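Summary of structural features
Single-letter residue listing:
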Amino acid sequence: MTDTWKAIALDKKTRQQASIPQEWLVPPPSEDRLNVIAFPRESGLLSPTELTITESTVETLLANLASSTWTSVDVTRAFYKRAILAHQAVNCLTEIFVDQALSRAAELDAHLKRTGTVVGPLHGLPISLKDQLCMKGLETTMGYVSWVGKYAERDATLVEILYEQGAVPFVRTNVPQTLMWPETFNNVFGRTVNPFNRSLTCGGSSGGEGALVGLHGSPIGVGSDIGGSIRFPASFNGLYGLRPSYHRIPYRGALNSLEGQDSLPSVLGPLSHSMSGIKAFMKAVIDAKPWRKDPLAVHKPWDQQEYELVNHGGGRELVFAILWNDENVTPNPPIIRALEVTRKALIAAGHKVIDWKPYKHAQLIAAARAIWRSGSAEDYKAATAPTGEPLIKTMDLDQDASPSSKTRMFLPPPATPTSAYDLWQAQKLRLALRQEHLDYWAATAKDTGTGRPVDAIIGPIAAYPAPPHGKNSSADYTTVWNSLDYPALSFPVTAVDPTLDPPKPAHNFMSEEDKQIYELYTPETFKDAPVGLQLVGRTQEEEALIRMGEILERAFSQQAKL
(Lines give C-alpha, C1' and ligand atoms only; values in the text may rest on other atoms or scores of the structure.)
Protein backbone atom coordinates (compact mmCIF):
# COMPACT_ATOMS: atom_id res chain seq x y z
CA MET A 1 0.00 0.00 0.00
CA THR A 2 3.08 2.27 0.12
CA ASP A 3 2.61 3.39 -3.46
CA THR A 4 -1.06 4.14 -2.77
CA TRP A 5 -0.60 6.53 0.14
CA LYS A 6 2.38 8.23 -1.46
CA ALA A 7 0.42 8.77 -4.69
CA ILE A 8 -2.52 10.25 -2.77
CA ALA A 9 -0.21 12.62 -0.88
CA LEU A 10 1.57 13.67 -4.08
CA ASP A 11 -1.73 14.38 -5.83
CA LYS A 12 -2.88 16.54 -2.91
CA LYS A 13 0.35 18.55 -2.91
CA THR A 14 0.12 18.99 -6.68
CA ARG A 15 -3.44 20.30 -6.39
CA GLN A 16 -2.37 22.63 -3.60
CA GLN A 17 0.44 24.09 -5.70
CA ALA A 18 -1.96 24.61 -8.62
CA SER A 19 -4.27 26.65 -6.37
CA ILE A 20 -1.63 29.38 -5.96
CA PRO A 21 -1.89 32.29 -8.43
CA GLN A 22 1.23 32.00 -10.55
CA GLU A 23 1.87 35.75 -10.42
CA TRP A 24 2.32 35.47 -6.64
CA LEU A 25 5.16 32.97 -6.93
CA VAL A 26 8.65 34.43 -6.54
CA PRO A 27 12.12 32.92 -6.23
CA PRO A 28 12.19 31.39 -2.73
CA PRO A 29 14.93 32.13 -0.20
CA SER A 30 18.13 30.15 -0.71
CA GLU A 31 18.18 26.88 1.21
CA ASP A 32 21.10 28.01 3.37
CA ARG A 33 19.29 31.15 4.53
CA LEU A 34 18.03 30.54 8.06
CA ASN A 35 16.23 33.77 9.01
CA VAL A 36 13.49 34.58 6.47
CA ILE A 37 11.49 37.12 8.48
CA ALA A 38 12.45 39.87 6.00
CA PHE A 39 11.68 37.73 2.93
CA PRO A 40 8.14 39.09 2.32
CA ARG A 41 9.44 42.66 2.41
CA GLU A 42 12.36 41.84 0.13
CA SER A 43 10.34 39.82 -2.38
CA GLY A 44 9.06 42.80 -4.34
CA LEU A 45 5.57 41.28 -4.51
CA LEU A 46 3.97 43.60 -1.96
CA SER A 47 3.27 47.27 -2.62
CA PRO A 48 4.07 49.89 0.06
CA THR A 49 0.37 49.99 0.97
CA GLU A 50 0.21 46.19 1.22
CA LEU A 51 3.24 46.22 3.49
CA THR A 52 1.54 48.80 5.70
CA ILE A 53 -1.67 46.78 5.80
CA THR A 54 -0.01 43.47 6.66
CA GLU A 55 2.16 45.02 9.39
CA SER A 56 -0.69 46.87 11.12
CA THR A 57 -2.26 45.80 14.40
CA VAL A 58 -5.70 44.23 14.41
CA GLU A 59 -7.03 47.35 16.13
CA THR A 60 -5.80 49.51 13.24
CA LEU A 61 -7.04 47.07 10.61
CA LEU A 62 -10.57 46.94 12.05
CA ALA A 63 -10.76 50.73 12.37
CA ASN A 64 -9.65 51.29 8.77
CA LEU A 65 -11.97 48.58 7.46
CA ALA A 66 -14.96 50.02 9.32
CA SER A 67 -14.24 53.52 8.03
CA SER A 68 -13.68 52.29 4.43
CA THR A 69 -10.14 53.65 4.54
CA TRP A 70 -9.15 50.19 3.36
CA THR A 71 -11.48 47.79 1.57
CA SER A 72 -11.77 44.20 2.64
CA VAL A 73 -10.75 43.13 -0.86
CA ASP A 74 -7.51 45.12 -0.58
CA VAL A 75 -6.78 43.86 2.93
CA THR A 76 -7.59 40.25 2.07
CA ARG A 77 -5.50 40.37 -1.11
CA ALA A 78 -2.56 41.89 0.78
CA PHE A 79 -2.62 39.20 3.45
CA TYR A 80 -3.17 36.47 0.87
CA LYS A 81 -0.11 37.54 -1.09
CA ARG A 82 1.93 37.66 2.09
CA ALA A 83 0.58 34.26 3.16
CA ILE A 84 1.73 32.78 -0.15
CA LEU A 85 5.16 34.36 0.38
CA ALA A 86 5.25 32.86 3.87
CA HIS A 87 4.32 29.48 2.45
CA GLN A 88 7.18 29.64 -0.06
CA ALA A 89 9.58 30.32 2.81
CA VAL A 90 8.36 27.97 5.57
CA ASN A 91 5.68 25.63 4.09
CA CYS A 92 2.85 26.69 6.40
CA LEU A 93 -0.38 26.35 4.35
CA THR A 94 -2.70 23.46 3.52
CA GLU A 95 -5.88 24.78 1.86
CA ILE A 96 -5.63 27.79 -0.49
CA PHE A 97 -8.90 29.24 -1.86
CA VAL A 98 -8.17 32.72 -3.18
CA ASP A 99 -11.32 33.31 -5.28
CA GLN A 100 -13.63 32.21 -2.45
CA ALA A 101 -11.99 34.55 0.05
CA LEU A 102 -11.90 37.55 -2.30
CA SER A 103 -15.55 36.98 -3.22
CA ARG A 104 -16.46 37.04 0.46
CA ALA A 105 -14.43 40.24 0.94
CA ALA A 106 -16.21 41.89 -2.02
CA GLU A 107 -19.60 41.03 -0.49
CA LEU A 108 -18.57 42.73 2.75
CA ASP A 109 -17.37 45.83 0.90
CA ALA A 110 -20.65 46.00 -1.01
CA HIS A 111 -22.65 45.68 2.22
CA LEU A 112 -20.72 48.50 3.89
CA LYS A 113 -21.08 50.75 0.86
CA ARG A 114 -24.79 50.02 0.57
CA THR A 115 -25.79 50.26 4.24
CA GLY A 116 -23.06 52.31 5.86
CA THR A 117 -22.76 49.67 8.59
CA VAL A 118 -20.38 46.81 9.22
CA VAL A 119 -21.57 43.21 9.25
CA GLY A 120 -19.99 42.60 12.64
CA PRO A 121 -17.04 43.45 14.90
CA LEU A 122 -14.59 41.54 12.66
CA HIS A 123 -15.88 43.16 9.46
CA GLY A 124 -13.55 42.53 6.52
CA LEU A 125 -10.74 40.99 8.58
CA PRO A 126 -8.91 37.97 7.08
CA ILE A 127 -8.50 35.13 9.59
CA SER A 128 -6.47 31.95 9.07
CA LEU A 129 -7.61 28.59 10.42
CA LYS A 130 -5.78 25.51 11.61
CA ASP A 131 -6.43 22.47 9.42
CA GLN A 132 -9.05 21.11 11.80
CA LEU A 133 -11.73 23.72 11.25
CA CYS A 134 -14.03 22.43 8.54
CA MET A 135 -15.20 24.74 5.78
CA LYS A 136 -18.00 23.62 3.52
CA GLY A 137 -16.72 22.28 0.22
CA LEU A 138 -13.07 22.03 1.31
CA GLU A 139 -10.97 19.05 2.35
CA THR A 140 -9.76 18.85 5.93
CA THR A 141 -6.94 16.29 6.09
CA MET A 142 -5.55 17.16 9.53
CA GLY A 143 -2.27 15.73 8.31
CA TYR A 144 -3.68 12.28 7.51
CA VAL A 145 -3.32 10.86 4.00
CA SER A 146 -6.48 8.80 4.59
CA TRP A 147 -8.51 11.97 4.98
CA VAL A 148 -7.52 13.43 1.60
CA GLY A 149 -10.62 13.66 -0.57
CA LYS A 150 -13.07 14.07 2.31
CA TYR A 151 -14.96 17.30 1.69
CA ALA A 152 -16.88 19.05 4.47
CA GLU A 153 -20.64 19.29 4.06
CA ARG A 154 -20.92 22.22 6.45
CA ASP A 155 -18.82 24.78 8.27
CA ALA A 156 -17.58 24.19 11.80
CA THR A 157 -19.52 26.23 14.35
CA LEU A 158 -16.61 28.59 14.93
CA VAL A 159 -16.35 29.21 11.18
CA GLU A 160 -20.09 29.99 11.08
CA ILE A 161 -19.60 32.51 13.88
CA LEU A 162 -16.61 34.13 12.18
CA TYR A 163 -18.71 34.64 9.05
CA GLU A 164 -21.57 36.10 11.12
CA GLN A 165 -19.16 38.50 12.81
CA GLY A 166 -17.84 39.76 9.47
CA ALA A 167 -14.54 37.91 9.15
CA VAL A 168 -12.96 36.51 5.98
CA PRO A 169 -11.57 33.00 6.55
CA PHE A 170 -8.88 32.86 3.88
CA VAL A 171 -6.35 30.03 4.37
CA ARG A 172 -5.89 26.89 6.39
CA THR A 173 -2.61 25.90 7.97
CA ASN A 174 -0.37 22.92 8.59
CA VAL A 175 -0.36 20.49 11.53
CA PRO A 176 1.51 17.36 12.61
CA GLN A 177 0.04 13.94 11.96
CA THR A 178 -2.22 13.01 14.96
CA LEU A 179 -1.98 16.62 16.28
CA MET A 180 -0.31 15.18 19.38
CA TRP A 181 3.17 16.59 18.69
CA PRO A 182 4.70 19.95 19.70
CA GLU A 183 6.20 20.28 16.20
CA THR A 184 4.67 20.29 12.70
CA PHE A 185 5.26 17.54 10.15
CA ASN A 186 2.97 15.12 8.31
CA ASN A 187 3.02 12.82 5.28
CA VAL A 188 0.68 15.02 3.21
CA PHE A 189 2.15 18.52 3.35
CA GLY A 190 5.55 17.92 4.92
CA ARG A 191 7.34 20.03 7.51
CA THR A 192 6.69 23.61 8.57
CA VAL A 193 9.80 25.43 9.79
CA ASN A 194 10.50 28.47 11.94
CA PRO A 195 10.78 31.76 10.00
CA PHE A 196 13.31 33.19 12.48
CA ASN A 197 15.63 30.24 11.96
CA ARG A 198 14.59 27.48 9.58
CA SER A 199 16.80 24.94 11.34
CA LEU A 200 14.45 25.26 14.33
CA THR A 201 10.90 24.03 14.84
CA CYS A 202 7.93 26.37 14.54
CA GLY A 203 6.22 24.41 17.32
CA GLY A 204 3.01 22.45 17.16
CA SER A 205 0.47 21.34 16.76
CA SER A 206 -0.71 24.78 15.54
CA GLY A 207 2.68 25.26 13.92
CA GLY A 208 1.37 26.39 10.54
CA GLU A 209 -0.52 29.18 12.29
CA GLY A 210 2.50 30.21 14.32
CA ALA A 211 4.80 30.42 11.30
CA LEU A 212 2.20 32.19 9.13
CA VAL A 213 1.24 34.80 11.71
CA GLY A 214 4.90 35.19 12.67
CA LEU A 215 5.60 36.28 9.08
CA HIS A 216 2.62 38.69 9.18
CA GLY A 217 0.80 36.48 6.72
CA SER A 218 -2.37 36.65 8.83
CA PRO A 219 -3.57 39.16 11.43
CA ILE A 220 -5.29 36.50 13.57
CA GLY A 221 -4.83 32.76 13.37
CA VAL A 222 -7.02 30.15 15.04
CA GLY A 223 -5.21 27.23 16.65
CA SER A 224 -6.06 24.50 19.11
CA ASP A 225 -4.41 23.48 22.36
CA ILE A 226 -4.62 20.20 24.26
CA GLY A 227 -1.21 20.31 25.91
CA GLY A 228 0.50 23.46 24.59
CA SER A 229 -0.42 23.48 20.90
CA ILE A 230 -1.23 27.20 20.76
CA ARG A 231 1.42 28.34 23.21
CA PHE A 232 4.40 26.55 21.64
CA PRO A 233 3.84 28.08 18.17
CA ALA A 234 3.02 31.48 19.65
CA SER A 235 6.16 31.53 21.79
CA PHE A 236 8.46 30.07 19.14
CA ASN A 237 7.29 32.68 16.58
CA GLY A 238 7.21 35.80 18.77
CA LEU A 239 3.43 36.02 19.21
CA TYR A 240 0.60 36.29 21.69
CA GLY A 241 -1.53 33.15 21.89
CA LEU A 242 -4.42 32.28 24.19
CA ARG A 243 -5.35 28.84 25.44
CA PRO A 244 -8.89 29.44 26.82
CA SER A 245 -10.67 27.27 29.40
CA TYR A 246 -12.56 24.20 28.28
CA HIS A 247 -15.56 24.95 26.03
CA ARG A 248 -15.29 28.76 26.11
CA ILE A 249 -14.82 28.73 22.32
CA PRO A 250 -17.11 26.34 20.36
CA TYR A 251 -15.44 23.20 18.98
CA ARG A 252 -18.45 21.59 17.31
CA GLY A 253 -17.83 20.61 13.69
CA ALA A 254 -14.04 20.73 13.93
CA LEU A 255 -12.09 17.53 13.32
CA ASN A 256 -9.80 16.21 16.02
CA SER A 257 -7.73 13.36 17.33
CA LEU A 258 -8.89 11.36 20.35
CA GLU A 259 -12.54 12.24 19.71
CA GLY A 260 -14.70 10.86 22.52
CA GLN A 261 -12.04 11.61 25.14
CA ASP A 262 -13.78 14.53 26.81
CA SER A 263 -12.35 14.78 30.33
CA LEU A 264 -9.25 16.69 29.18
CA PRO A 265 -10.26 18.17 25.82
CA SER A 266 -8.59 20.31 23.23
CA VAL A 267 -9.65 23.96 23.04
CA LEU A 268 -9.62 26.53 20.22
CA GLY A 269 -8.01 29.93 20.59
CA PRO A 270 -6.31 32.84 18.78
CA LEU A 271 -2.72 33.76 17.87
CA SER A 272 -1.81 37.34 16.96
CA HIS A 273 1.01 39.89 17.01
CA SER A 274 -0.74 42.03 19.63
CA MET A 275 -3.22 41.78 22.46
CA SER A 276 -5.70 43.74 20.35
CA GLY A 277 -5.99 40.68 18.11
CA ILE A 278 -6.51 38.32 21.04
CA LYS A 279 -9.22 40.49 22.57
CA ALA A 280 -11.01 41.21 19.27
CA PHE A 281 -11.29 37.51 18.48
CA MET A 282 -12.41 36.39 21.93
CA LYS A 283 -14.98 39.14 22.43
CA ALA A 284 -16.47 38.71 18.94
CA VAL A 285 -16.87 34.95 19.34
CA ILE A 286 -18.28 35.16 22.87
CA ASP A 287 -20.66 37.98 21.90
CA ALA A 288 -22.08 35.65 19.24
CA LYS A 289 -23.48 33.42 22.04
CA PRO A 290 -21.80 30.17 20.92
CA TRP A 291 -23.76 28.18 23.55
CA ARG A 292 -26.76 28.49 21.24
CA LYS A 293 -24.91 26.53 18.55
CA ASP A 294 -22.68 24.11 20.46
CA PRO A 295 -24.13 22.04 23.33
CA LEU A 296 -20.75 21.95 25.08
CA ALA A 297 -20.04 25.69 24.85
CA VAL A 298 -20.11 27.38 28.25
CA HIS A 299 -23.01 29.81 28.71
CA LYS A 300 -20.94 32.79 29.81
CA PRO A 301 -21.37 36.17 28.08
CA TRP A 302 -18.42 38.55 27.87
CA ASP A 303 -17.85 39.79 31.44
CA GLN A 304 -16.84 43.44 31.29
CA GLN A 305 -16.39 43.69 35.06
CA GLU A 306 -14.02 40.77 34.96
CA TYR A 307 -12.13 42.47 32.11
CA GLU A 308 -11.90 45.60 34.27
CA LEU A 309 -10.33 43.43 36.99
CA VAL A 310 -12.95 44.31 39.59
CA ASN A 311 -11.96 41.22 41.58
CA HIS A 312 -8.26 41.94 41.12
CA GLY A 313 -8.01 45.34 42.78
CA GLY A 314 -9.04 47.12 39.61
CA GLY A 315 -5.65 46.19 38.15
CA ARG A 316 -3.84 48.91 40.11
CA GLU A 317 -1.48 46.73 42.15
CA LEU A 318 -1.54 43.23 40.79
CA VAL A 319 0.44 40.41 42.34
CA PHE A 320 2.14 38.05 39.90
CA ALA A 321 3.92 34.86 40.95
CA ILE A 322 6.85 33.58 38.90
CA LEU A 323 7.44 29.87 38.37
CA TRP A 324 11.22 29.79 37.90
CA ASN A 325 11.34 26.02 37.31
CA ASP A 326 9.12 22.96 37.73
CA GLU A 327 11.58 21.10 39.99
CA ASN A 328 12.36 18.74 37.14
CA VAL A 329 14.09 20.85 34.46
CA THR A 330 15.92 24.17 34.80
CA PRO A 331 15.18 26.52 31.88
CA ASN A 332 17.95 27.57 29.51
CA PRO A 333 19.57 31.02 29.95
CA PRO A 334 17.28 32.91 27.49
CA ILE A 335 14.17 31.71 29.37
CA ILE A 336 15.62 32.72 32.73
CA ARG A 337 16.49 36.14 31.31
CA ALA A 338 12.94 36.53 29.96
CA LEU A 339 11.55 35.81 33.44
CA GLU A 340 13.89 38.40 34.93
CA VAL A 341 12.98 40.98 32.26
CA THR A 342 9.28 40.39 32.91
CA ARG A 343 9.73 40.69 36.67
CA LYS A 344 11.58 43.98 36.26
CA ALA A 345 8.96 45.44 33.88
CA LEU A 346 6.07 44.57 36.19
CA ILE A 347 7.74 46.02 39.28
CA ALA A 348 8.56 49.19 37.35
CA ALA A 349 4.87 49.41 36.41
CA GLY A 350 3.85 49.36 40.07
CA HIS A 351 2.95 45.69 40.49
CA LYS A 352 4.24 43.12 42.94
CA VAL A 353 6.09 39.93 41.99
CA ILE A 354 6.61 36.93 44.25
CA ASP A 355 7.83 33.40 43.66
CA TRP A 356 5.55 30.46 42.82
CA LYS A 357 6.44 27.01 44.12
CA PRO A 358 5.18 24.24 41.81
CA TYR A 359 2.60 21.94 43.31
CA LYS A 360 2.47 18.28 42.23
CA HIS A 361 3.29 19.02 38.59
CA ALA A 362 4.59 15.51 37.94
CA GLN A 363 1.34 13.94 39.13
CA LEU A 364 -0.82 16.33 37.11
CA ILE A 365 1.18 15.60 33.95
CA ALA A 366 1.15 11.85 34.54
CA ALA A 367 -2.64 11.91 34.95
CA ALA A 368 -3.04 13.88 31.72
CA ARG A 369 -0.86 11.44 29.78
CA ALA A 370 -2.72 8.46 31.15
CA ILE A 371 -6.01 9.95 29.94
CA TRP A 372 -4.74 10.89 26.47
CA ARG A 373 -2.94 7.60 25.87
CA SER A 374 -5.80 5.39 27.06
CA GLY A 375 -7.13 4.87 23.53
CA SER A 376 -4.64 6.71 21.33
CA ALA A 377 -3.23 3.60 19.65
CA GLU A 378 -6.65 2.59 18.32
CA ASP A 379 -7.43 6.18 17.33
CA TYR A 380 -4.27 6.60 15.25
CA LYS A 381 -4.64 3.13 13.71
CA ALA A 382 -8.19 3.89 12.60
CA ALA A 383 -7.01 7.10 10.94
CA THR A 384 -4.00 5.64 9.11
CA ALA A 385 -5.21 2.12 8.22
CA PRO A 386 -7.33 2.93 5.12
CA THR A 387 -4.26 3.89 3.06
CA GLY A 388 -1.53 2.11 4.99
CA GLU A 389 0.12 5.42 5.80
CA PRO A 390 2.85 4.86 8.42
CA LEU A 391 2.50 6.42 11.84
CA ILE A 392 5.17 9.08 12.24
CA LYS A 393 7.41 8.19 15.19
CA THR A 394 9.71 11.18 15.34
CA MET A 395 9.79 14.85 14.34
CA ASP A 396 13.50 14.50 13.58
CA LEU A 397 14.70 15.42 10.08
CA ASP A 398 15.81 11.79 9.83
CA GLN A 399 12.56 9.84 9.84
CA ASP A 400 14.50 6.63 10.48
CA ALA A 401 15.93 7.98 13.73
CA SER A 402 14.75 6.34 16.91
CA PRO A 403 12.55 8.55 19.06
CA SER A 404 14.19 9.70 22.28
CA SER A 405 12.95 8.29 25.56
CA LYS A 406 11.18 11.57 26.25
CA THR A 407 9.50 12.10 22.87
CA ARG A 408 8.02 8.60 23.04
CA MET A 409 5.35 10.17 25.22
CA PHE A 410 3.86 11.66 22.03
CA LEU A 411 3.36 8.15 20.62
CA PRO A 412 0.67 5.64 21.59
CA PRO A 413 1.71 3.09 24.23
CA PRO A 414 2.74 -0.33 22.91
CA ALA A 415 0.96 -2.16 25.72
CA THR A 416 -2.65 -3.32 25.93
CA PRO A 417 -5.16 -0.42 25.86
CA THR A 418 -6.11 1.01 29.22
CA SER A 419 -9.21 -0.50 30.76
CA ALA A 420 -12.19 1.73 31.48
CA TYR A 421 -11.56 1.23 35.19
CA ASP A 422 -7.92 2.34 34.93
CA LEU A 423 -9.00 5.38 32.95
CA TRP A 424 -11.50 6.27 35.66
CA GLN A 425 -8.73 6.11 38.25
CA ALA A 426 -6.62 8.58 36.26
CA GLN A 427 -9.60 10.91 35.94
CA LYS A 428 -10.36 10.53 39.65
CA LEU A 429 -6.77 11.37 40.57
CA ARG A 430 -6.73 14.41 38.30
CA LEU A 431 -9.96 15.74 39.82
CA ALA A 432 -8.50 15.40 43.31
CA LEU A 433 -5.36 17.23 42.19
CA ARG A 434 -7.45 20.03 40.69
CA GLN A 435 -9.19 20.51 44.04
CA GLU A 436 -5.86 20.54 45.86
CA HIS A 437 -4.47 23.11 43.44
CA LEU A 438 -7.56 25.29 43.83
CA ASP A 439 -6.96 25.35 47.57
CA TYR A 440 -3.22 25.87 47.08
CA TRP A 441 -3.80 28.97 44.95
CA ALA A 442 -6.41 30.36 47.36
CA ALA A 443 -3.93 30.00 50.23
CA THR A 444 -1.54 32.45 48.55
CA ALA A 445 -3.71 35.27 49.93
CA LYS A 446 -1.49 35.14 53.02
CA ASP A 447 1.60 35.96 50.89
CA THR A 448 0.43 38.77 48.60
CA GLY A 449 -0.20 41.66 51.00
CA THR A 450 -3.40 42.57 49.15
CA GLY A 451 -5.79 40.21 50.90
CA ARG A 452 -6.30 38.52 47.53
CA PRO A 453 -4.67 35.35 46.25
CA VAL A 454 -2.04 35.70 43.54
CA ASP A 455 -3.66 37.34 40.51
CA ALA A 456 -1.78 35.30 37.89
CA ILE A 457 1.21 33.01 37.46
CA ILE A 458 4.05 33.65 35.01
CA GLY A 459 6.24 30.80 33.85
CA PRO A 460 8.08 29.16 30.95
CA ILE A 461 6.29 27.55 28.02
CA ALA A 462 9.28 25.28 27.54
CA ALA A 463 12.67 25.06 29.17
CA TYR A 464 14.19 26.32 25.91
CA PRO A 465 13.39 28.63 22.97
CA ALA A 466 12.38 27.02 19.66
CA PRO A 467 14.70 23.99 19.43
CA PRO A 468 16.08 22.14 16.40
CA HIS A 469 13.67 19.81 14.58
CA GLY A 470 12.90 16.72 16.60
CA LYS A 471 14.19 18.23 19.84
CA ASN A 472 10.98 19.67 21.30
CA SER A 473 11.01 16.82 23.74
CA SER A 474 8.65 17.93 26.49
CA ALA A 475 5.29 19.62 26.97
CA ASP A 476 5.46 19.53 30.76
CA TYR A 477 5.49 23.30 31.30
CA THR A 478 2.30 23.67 29.27
CA THR A 479 0.42 20.43 29.94
CA VAL A 480 0.19 21.09 33.67
CA TRP A 481 -2.16 24.05 33.03
CA ASN A 482 -4.30 22.04 30.59
CA SER A 483 -4.63 19.39 33.27
CA LEU A 484 -5.88 22.06 35.70
CA ASP A 485 -7.96 23.82 33.01
CA TYR A 486 -6.33 27.17 33.72
CA PRO A 487 -6.42 29.62 30.79
CA ALA A 488 -2.91 30.51 29.67
CA LEU A 489 -1.65 33.36 27.51
CA SER A 490 1.64 33.13 25.63
CA PHE A 491 3.39 36.49 25.34
CA PRO A 492 6.64 37.52 23.61
CA VAL A 493 9.50 38.94 25.66
CA THR A 494 12.80 38.92 23.80
CA ALA A 495 15.03 36.87 21.48
CA VAL A 496 18.14 34.77 22.02
CA ASP A 497 21.17 37.04 22.35
CA PRO A 498 24.63 35.40 22.38
CA THR A 499 26.01 38.23 24.51
CA LEU A 500 23.22 38.21 27.09
CA ASP A 501 22.56 34.45 27.05
CA PRO A 502 25.88 32.62 27.33
CA PRO A 503 25.77 29.05 28.64
CA LYS A 504 25.83 28.86 32.41
CA PRO A 505 28.08 26.57 34.46
CA ALA A 506 26.60 23.13 35.09
CA HIS A 507 24.26 22.99 38.08
CA ASN A 508 23.11 20.12 40.26
CA PHE A 509 20.78 18.42 37.81
CA MET A 510 17.32 17.61 39.12
CA SER A 511 16.80 14.80 36.59
CA GLU A 512 18.33 13.15 33.55
CA GLU A 513 16.08 15.32 31.41
CA ASP A 514 17.46 18.40 33.17
CA LYS A 515 20.97 17.34 32.14
CA GLN A 516 19.89 16.73 28.52
CA ILE A 517 18.22 20.14 28.24
CA TYR A 518 21.29 21.82 29.72
CA GLU A 519 23.56 20.10 27.18
CA LEU A 520 21.26 21.03 24.27
CA TYR A 521 21.77 24.76 24.71
CA THR A 522 24.28 26.88 22.82
CA PRO A 523 23.49 30.42 21.62
CA GLU A 524 24.55 29.42 18.11
CA THR A 525 22.04 26.56 17.98
CA PHE A 526 19.17 28.86 18.94
CA LYS A 527 20.29 31.85 16.86
CA ASP A 528 17.52 34.50 16.42
CA ALA A 529 14.92 32.36 18.22
CA PRO A 530 12.12 34.38 19.87
CA VAL A 531 11.66 33.90 23.61
CA GLY A 532 8.20 33.93 25.17
CA LEU A 533 6.53 33.05 28.45
CA GLN A 534 3.00 32.30 29.60
CA LEU A 535 0.59 34.12 31.89
CA VAL A 536 -1.74 31.73 33.71
CA GLY A 537 -5.11 32.63 35.21
CA ARG A 538 -7.95 30.80 36.90
CA THR A 539 -10.60 28.71 35.16
CA GLN A 540 -13.09 30.65 32.99
CA GLU A 541 -11.37 33.99 33.71
CA GLU A 542 -10.36 34.73 30.11
CA GLU A 543 -11.47 38.37 30.33
CA ALA A 544 -9.24 39.02 33.35
CA LEU A 545 -6.32 37.23 31.71
CA ILE A 546 -6.72 39.29 28.55
CA ARG A 547 -6.67 42.52 30.57
CA MET A 548 -3.58 41.39 32.48
CA GLY A 549 -1.98 40.54 29.14
CA GLU A 550 -2.62 44.11 28.01
CA ILE A 551 -1.05 45.37 31.24
CA LEU A 552 2.01 43.23 30.51
CA GLU A 553 2.15 44.49 26.93
CA ARG A 554 2.10 48.09 28.18
CA ALA A 555 4.70 47.36 30.88
CA PHE A 556 7.12 46.02 28.26
CA SER A 557 6.45 49.05 26.06
CA GLN A 558 7.18 51.44 28.91
CA GLN A 559 10.30 49.52 29.88
CA ALA A 560 11.61 49.73 26.31
CA LYS A 561 11.37 53.53 26.46
CA LEU A 562 13.63 53.80 29.51
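Here's a quick rundown of the structure. (Residues numbered from 1 in each chain as written. Predicted model: local features only at pLDDT ≥ 70, side-chain atom pairs only at ≥ 80, totals over all residues. Heavy atoms only, no water.)

To continue, consider the packing of helix α13 (residues 361-372) against helix α17 (residues 476-484). Relative to each other, α13 and α17 sit at 75°, their axes nearing to 9 Å. Taken as axis vectors, α13 and α17 run roughly perpendicular relative to one another. In this structure, α13 uses His361, Leu364, Ile365, Ala368, Arg369 and Trp372 to contact α17, whose residues at the interface are Asp476, Thr479, Val480, Trp481, Ser483 and Leu484. Of the residues in the contact of α13 with α17, the class split is seven nonpolar, three polar and two charged. (Axes fitted to C-alpha atoms, helices over the stretch in contact; angles between N-to-C directions. Helix = DSSP H or I, 4+ residues; strand = E, 2+ residues; numbered from the N terminus. Parallel < 35°, antiparallel > 145°, perpendicular 65-115°, else oblique. Contact = heavy atoms within 4.5 Å. Nonpolar A, V, L, I, M, F, W, Y, C, P; charged D, E, K, R; others polar.)

Turning to the pattern of salt bridges, a few remarks are in order. In this structure the tally under the stated criterion is 28 salt bridges. For the salt bridge of arginine 547 with glutamate 550, the shortest nitrogen-to-oxygen distance reads 2.9 Å. Here the residue arginine 547 and the residue glutamate 550 both occupy positions in helix α19 (residues 542-561), the gap between them amounting to three residues, near one helical turn. Through salt bridges with shared partners, one network takes in Asp11, Lys12, Arg15, Glu95 and Glu139. (Salt bridge = Lys/Arg side-chain N within 4 Å of Asp/Glu carboxyl O.)

Glancing now at the pairing of strand β6 (residues 220-225). Counting buried positions over the six residues of β6 gives six, a clear majority of the element. Of the two faces of β6, both are covered, the one formed by Ile220, Val222 and Ser224 as well as the one formed by Gly221, Gly223 and Asp225. The sheet contact formed by strand β2 (residues 126-130) and β6 spans three bridges and is parallel. Paired with isoleucine 127 across the two strands is isoleucine 220, which belongs to β6. As defined by bridge partners, β6 adjoins strand β8 (residues 267-272) across six bridges and the pair is classed as antiparallel. Within β8, the residue paired with glycine 221 across the bridge is leucine 271. (Buried < 20%, exposed > 50% of the residue type's maximum accessible area, 1.4 Å probe, protein only. Pairing = 2+ DSSP bridges.)

On to helix α5 (residues 72-90). The end-to-end C-alpha separation of α5 is 26 Å, in line with the 27 Å expected for 19 residues at 1.5 Å each. Where burial is concerned, most of α5 is hidden: 17 out of the 19 residues are buried. (Expected span 1.5 Å × (residues − 1).)

Core analysis: the biggest nonpolar cluster contains 139 residues, and Tyr80 and Leu535 have the highest contact counts within it. Broken down by element, this core gets its largest block of residues, 11 residues, from α5. Apart from the residues lying within four places of it in its own chain, the contact partners of tyrosine 80 are Trp24, Ile96, Phe97, Val98, Ala101, Phe170 and Val171. Core analysis: the next-biggest nonpolar cluster, separate from the first, contains 17 residues, Met142, Ile371, Trp372 and Tyr380 among them. (Core = buried A, V, L, I, M, F, W, Y, C linked by side-chain atoms within 4.5 Å.)

Turning to unusual backbone geometry, a few remarks are in order. Cis geometry is adopted by the peptide bond preceding serine 205, which originates at glycine 204 and carries an omega value of 10°. Mapped onto the elements of the fold, serine 205 is located in the loop between β5 (190-191) and α8 (207-214). Residues other than glycine seldom take positive phi values, yet asparagine 91 does so here, at roughly 60°. Within the element layout of this structure, asparagine 91 appears in the loop between α5 and β1 (93-96). Of note, the phi angle at lysine 289 is positive, near 55°, even though the residue is not glycine. Note on placement: lysine 289 falls in the loop between α10 (275-287) and α11 (304-307).

Pairing within the open sheet is mixed, and its 11 strands lie in the order β1-β3-β2-β6-β8-β7-β12-β13-β11-β9-β10. For this open sheet the edge positions go to β1 and β10 (352-355), each flanked by a neighbour on one side alone. On average, adjacent strands in this sheet sit at an angle of 30° to one another, irrespective of strand direction. Relative to strand β3 (residues 168-173), β2 is paired through five bridges, and the arrangement is parallel. Its bridge partner being in β3, lysine 130 is matched across the sheet by threonine 173. Those strands touched by α10 are β6, β7 (240-243), β8 and β12 (488-495), and its axis lies near 145° from that of β8.

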